[in-house]
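# Architecture and fold: a report
Given next are the chains, with one letter for each unit.
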Amino acid sequence: MIRKKLLNFKLNLPFFVSDAELERFRDSAVPFRERCPHCGTRGKCRFFAVYGRSIVDIMDGRPCCRTMIVARVRCDCGHTHALLPDFIVPYRQYTLPFILHILKLYFSRSMTVQALCGSFWISPPTLYEWKHAFAMHRSWWPAFVRSGHKGFLDTLVLLLSSPVFSDFTSGFWRQTLFSFLQTHANPANCCRLPPGW
Ligand SMILES: [Zn+2]
């Protein structure tokens, strides 16, 4: 996959990805400008296909299901890659801002687990999986460790204070080879960064 920065601002929760943003992202896809994550070559990717991807985010305080169009490119080396904006967590249907909003409510104890899950259409195991992923990736990110913030909520507030949220998402990906809160990886196309990245 090829990650694209779209959260180029301070992320205020809850955050809704507007249709205009989705269209802007779709129209901004220029395959030949991309660097292939497998072989590291730039300028060899060509448009290959599109597919519809279901996403869940929050509109007017309620979950909202939609379908976004994702482009897939093919490099001359034979590998194909999806162009994914950084508000998407690979292999998850819920958007990154959605998950962070739920975790913020959970960590601040604003709602009970039962009320939280009922209001936002998630199961308790899913909520605890997100919490586990957050705890794991928190320990991977040196800025969190250095800051001395001990609580999950403190860490989340620190994260959301970033003036350009994409700086964090792209930095995390470069350092860990995982997107933030991603827990599954396909070793065929995201096990390493391009040479010279
Ligand atoms: Zn390639």
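Use the structure listed above.
Residues numbered from 1 in each chain as written. Predicted model: local features only at pLDDT ≥ 70, side-chain atom pairs only at ≥ 80, totals over all residues.

### Topic: the overall build of the protein chain
Filter applied, for reference: What counts as a helix is a DSSP run of H or I of at least four residues, what counts as a strand is a run of E of at least two, and both are numbered from the N terminus. Radius of gyration: C-alpha atoms only; globule rule: 2.2 Å multiplied by the number of residues to the exponent 0.38. Counting other C-beta atoms within 10 Å of its own, a residue is labelled buried from 20 upward, exposed at 12 or fewer, and partly exposed in the gap between, with every C-beta atom placed from the backbone. Residues are scored as being in contact if the C-beta atoms we place from backbone atoms lie within 7 Å.
Helices and strands together make up the secondary structure of the protein chain, namely 8 helices and 4 strands. Going from N to C terminus, the protein chain has its helices and strands arranged as β-α-β-β-β-α-α-α-α-α-α-α. Compactness check: the protein chain gives a C-alpha radius of gyration of 17 Å against a globular reference of 16 Å for 197 residues, within 12% of the reference. Expressed as a percentage of its 197 residues, the buried residues of the protein chain come to 28%. Considering only residue pairs separated by 6 or more positions, the protein chain has 63% of its internal contacts joining residues 24 or more positions apart.

### A short note on the environment of Ile55
Looking at where Ile55 falls in the secondary structure, it is placed in strand S2 (residues 45-59). Note: C-alpha distance between Ile55 and Tyr94 (39 residues apart in sequence) is 5.7 Å. Residues contacting Ile55, with those up to four places away along its chain left out, are Arg66, Met68, Ile88, Gln93 and Thr95.

### Some words on helix H7 (residues 165-176)
Condition: What a helix should span is 1.5 Å times the count of its residues minus one. Directions drawn from the helix axis to the C-beta atoms are what define this arc.
Here H7 is 12 residues long and its end C-alpha atoms lie 17 Å apart, about the 16 Å a rise of 1.5 Å per residue gives. Regarding H7, the residues found buried are Phe165, Thr169 and Phe172. Buried residues of H7 fall within an arc of 65 degrees about the axis and therefore sit on the same side. Turned more than 90 degrees from where H7 packs its buried face, Arg174 and Gln175 sit exposed. Leu177 sits one or two residues past H7 and shows a positive phi near 70 degrees.

### Quick word on the sheet that holds S2
For the record, the criterion: Only strands joined by at least two bridges in the DSSP assignment are considered to pair. What counts as an axis is a line fitted to C-alpha atoms, over the stretch in contact for a helix, and the angles between N-to-C directions run from 0 to 180 degrees.
One open sheet holds the 4 strands; their spatial order is S1-S4-S3-S2, and the pairing between them is mixed. Across the chains shown, the open sheet's two edge strands, defined by having one partner strand only, are strand S1 (2-4) and S2. Strand-to-strand twist in this sheet, taken as the mean axis angle between neighbours without regard to direction, amounts to 25 degrees. Of the strand pairs in this sheet, strand S3 (residues 62-75) and strand S4 (residues 80-85) are connected by 3 bridges, and their pairing is antiparallel. For Val73, the partnering residue across the bridge sits in S4 and is His81.

### Describing the nonpolar core
Rules: In this usage, the nonpolar core is the set of buried Ala, Val, Leu, Ile, Met, Phe, Trp, Tyr and Cys residues whose C-beta atoms join them within 7 Å.
Ranked by internal contacts, the top residues of the largest apolar core, which has 39 residues, are Leu96, Ile99, Ile102, Leu103 and Leu181. In terms of residue count, helix H2 (residues 96-107) provides more of this core than any other element does, 7 residues in total. Filtering out sequence-adjacent residues up to four positions away, Leu181 remains in contact with Val89, Leu96, Ile99, Trp130, Ala133, Phe134 and His137.

### Overview of the packing of H2 against helix H6 (residues 152-160)
Selection criterion: Orientation categories follow fixed angle ranges, with anything under 35 degrees roughly parallel, anything over 145 roughly antiparallel, 65 to 115 roughly perpendicular, and all other angles oblique. If you view the pair so one helix is near and one far, a crossing is left-handed when the near helix is turned anticlockwise from the far one by less than a right angle, and right-handed when it is turned clockwise.
Here H2 crosses H6 at 140 degrees, and the two axes come no closer than 9 Å. Taken together, H2 and H6 sit at an angle that is classed as oblique. Crossing of H2 over H6 shows left-handed handedness. Counted together, Leu100, Leu103, Lys104 and Phe107 of H2 and Phe152, Leu153 and Leu156 of H6 form the full contact between these two elements.

### A look at H6
Residues Thr155, Leu156 and Leu159 constitute the buried set of H6. Summarising the axial view, the buried residues of H6 lie within an arc of 100 degrees, below the 170-degree limit, and thus occupy one face. As for H6, its buried residues are in contact with H2, helix H4 (124-140), helix H5 (142-147) and H7.

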